[in-house]
Amino acid sequence: MADFDDERIASLKERRKAAILDRLLTFTGLALAGAAAFFPWYVFFNADKFGINVATSGNSRELPDWPARNVFSVSPLAMVNKNEADKKAPPIDPLTTATVSDLGKERDGRAIQEDQPFPGKSSFRLLHVSNGRALIEDPSGMYVVRIGSILPDESRLATLEQRDGKWVIVTSKGEIYQNN
């Protein structure tokens, strides 16, 4: 009978341990559920800590007072090679045409100067003008430029004018781009 009582006591102790573990797991689950339900409200009431900071601009269409950024479009083939050993080699076209340049050779007793223009006209367009700056767009992106900035067609912005009620950019090459 003593063995029976010992087994009974051991069984009761195991049940109590299981009951305590069940209560602990229940409390932990309820605490996690409460935290999960409360967190969105905490974020809602503290949006300045969790939200995205957006620059305030008001309701005007004026451009922000950012400094203009120069636009550069330089081909890797146009970069200067600073290695002296490679400068002595004749200028060979690295493209599949494999042509040799006449640069530096003489024809009819005078040196040949080759000026290779860029292919085609630049396709940037004027979007908006405000506060002495212009917003332009080309296939690579949008840029804020001001007088003196380098434009995508490798010229500089000469003037910003208003002609017949529309804004116009005049470049250092004399080309005119009009706001549509």
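Scoring rules and cut-offs
- Residues numbered from 1 in each chain as written.
- Predicted model: local features only at pLDDT ≥ 70, side-chain atom pairs only at ≥ 80, totals over all residues.
- Heavy atoms only, no water.
- Helix = DSSP H or I, 4+ residues; strand = E, 2+ residues; numbered from the N terminus.
- Buried < 20%, exposed > 50% of the residue type's maximum accessible area, 1.4 Å probe, protein only.
- Polar contact = N/O pair within 3.5 Å; in protein donor to acceptor, adjacent residues only side chain to side chain.
- Contact = heavy atoms within 4.5 Å.
- Pairing = 2+ DSSP bridges.
- Axes fitted to C-alpha atoms, helices over the stretch in contact; angles between N-to-C directions.
- Salt bridge = Lys/Arg side-chain N within 4 Å of Asp/Glu carboxyl O.
- Phe/Tyr/Trp six-rings, centres within 6.5 Å; stacked < 30°, edge-to-face > 60°.
- UniProt positions renumbered as here; feature names shortened; annotations may be inferred.

What about the side chain of serine 155?
Residue placement: serine 155 occurs in the loop between strand E5 (141-146) and strand E6 (157-163). The exposure class assigned to serine 155 is buried, which follows from its relative accessible area of 2%. Among the polar contacts made by the side chain of serine 155, one reaches the side chain of aspartate 153 at a distance of 2.6 Å. Apart from residues no more than four positions distant in its own chain, serine 155 is found in contact with Ser149, Ile150, Thr171, Ser172 and Lys173.

Quick notes on the sheet that holds E6
Across the sheet, which stays open at both edges, the three strands sit in the order E6-E7-E8 with antiparallel pairing between neighbours. Both edges of this open sheet fall to E6 and strand E8 (176-178), since each of them pairs with a single strand only. Put simply, the sheet's adjacent strands are angled 25° from each other on average, direction ignored. Bridge analysis of strand E7 (residues 166-171) against E8 gives three bridges, and the strand direction is antiparallel. Paired with valine 168 across the bridge in E8 is glutamine 178.

Quick look at the pattern of salt bridges
For the coordinates displayed, the defined rule picks out two salt bridges. A salt bridge links arginine 163 to glutamate 161, with the shortest nitrogen-to-oxygen separation between them at 2.8 Å. Assessed through its relative accessible area of 34%, arginine 163 is described here as partly exposed.

Section: the sheet that holds strand E4 (residues 133-138)
Here three strands make up an open sheet; going across it, the order is E3-E4-E5 and the pairing antiparallel. Looking at strand neighbours, the two that pair on one side only are strand E3 (125-130) and E5, the edges of this open sheet. Between one strand and the next, the sheet's axes are offset by a mean angle of 25°, whatever the strand orientation. Taken together, the six bridges between E4 and E5 define a ladder with antiparallel strand orientation. From the neighbouring strand, aspartate 138 faces E5, where its bridge partner is glycine 141.

As for the packing of aromatic side chains
Going through the model one piece at a time under the given rule, you end up with five aromatic pairs. When the ring of phenylalanine 124 is compared with that of tyrosine 177, the centres are 4.1 Å apart and the planes differ by 35°; the resulting orientation is tilted. One end of the pair, phenylalanine 124, is in the loop between strand E2 (110-111) and E3; the other, tyrosine 177, is in strand E8, with 53 residues separating them in the sequence. Given the relative accessible area of 4%, phenylalanine 124 is considered buried. A relative accessible area of 8% means that tyrosine 177 is categorised as buried. An aromatic cluster is built from Trp41, Phe44 and Phe45, whose rings are joined through pairwise contacts.

Thoughts on the UniProt feature "transmembrane region" (unreviewed entry) in the protein chain
With numbering aligned to this structure, UniProt lists the feature "transmembrane region" (unreviewed entry) at residues 20-44. The distance separating the terminal C-alpha atoms of residues 20-44 is 37 Å; by composition the span is 100% helix and 0% strand.

Re the pairing of E3
Bridging between E3 and E4 involves five bridges; their strand directions are antiparallel. Bridge pairing in E4 places arginine 125 opposite glutamate 137. Hairpin connection from E3 to E4: two residues lie between these consecutive antiparallel strands, with asparagine 131 at a positive phi of about 55°.

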